Amino acid sequence: MIREVLLKLLWLYQKFFTLIGFGSCRYYPSCSEYARIHFENNSISSAFYHTFTRILRCNQLFDGGIEYPLLDKLSLKPTKIRVDSIKYWLVPNKKNRFHIIKNFSYKG
């Protein structure tokens, strides 16, 4: 319930307010997209923590760059495997965690 409300608020922010500061995020994926991926895939407390630290780093004092979110643990396994049915690609990290990379051909 809380997760859906937070995701809806992020959707509203991305739909209406991101256009005001378009291109101002120093990271890829943008901070709002990073937060949305975390809230979809990780616990709420972990998502808040990682989103908060990411927003604090999104300023002129840090270089920015590409920083994919990390998945804490695998929970769901896909039932059908097709390129357009996979929402995120998981790339293993050296800490037994996975980087989450968005699949742009996802149709869902």
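Since the model is a prediction, treat every value here as computed from it, not as a measurement.

*Asks:* Tell me about the packing of aromatic side chains, residues and numbers included.
*Replies:* For the structure shown, the criterion picks out two aromatic pairs. Ring centres of Tyr-28 and Tyr-68 lie 6.2 Å apart, and the angle between their planes is 85°; on these two criteria the pair is classed as edge-to-face. With a gap of 40 residues between them, Tyr-28 in strand E1 (residues 27-28) and Tyr-68 in the loop between strand E2 (65-66) and strand E3 (70-71) connect regions that are remote in the sequence. Overall, Tyr-28 belongs to the partly exposed group, its relative accessible area being 41%. Ring centres of Phe-39 and Phe-48 lie 5.1 Å apart, and the angle between their planes is 85°; on these two criteria the pair is classed as edge-to-face. Its relative accessible area of 5% is what places Phe-39 among the buried residues. Taking the relative accessible area as the measure of exposure, Phe-48 reaches 45% and is therefore partly exposed. Sitting above the plane of the Trp-11 ring, Lys-8 keeps its charged end 5.1 Å from the centroid. Above the ring of Tyr-34, the side-chain terminus of Arg-54 is found at 4.3 Å from the ring centroid.

Scoring rules and cut-offs
Residues numbered from 1 in each chain as written. Predicted model: local features only at pLDDT ≥ 70, side-chain atom pairs only at ≥ 80, totals over all residues. Heavy atoms only, no water. Phe/Tyr/Trp six-rings, centres within 6.5 Å; stacked < 30°, edge-to-face > 60°. Helix = DSSP H or I, 4+ residues; strand = E, 2+ residues; numbered from the N terminus. Buried < 20%, exposed > 50% of the residue type's maximum accessible area, 1.4 Å probe, protein only. Lys NZ or Arg CZ within 6 Å of the ring centre and 35° of its normal.

Function cannot be read off these values alone, since they describe shape.
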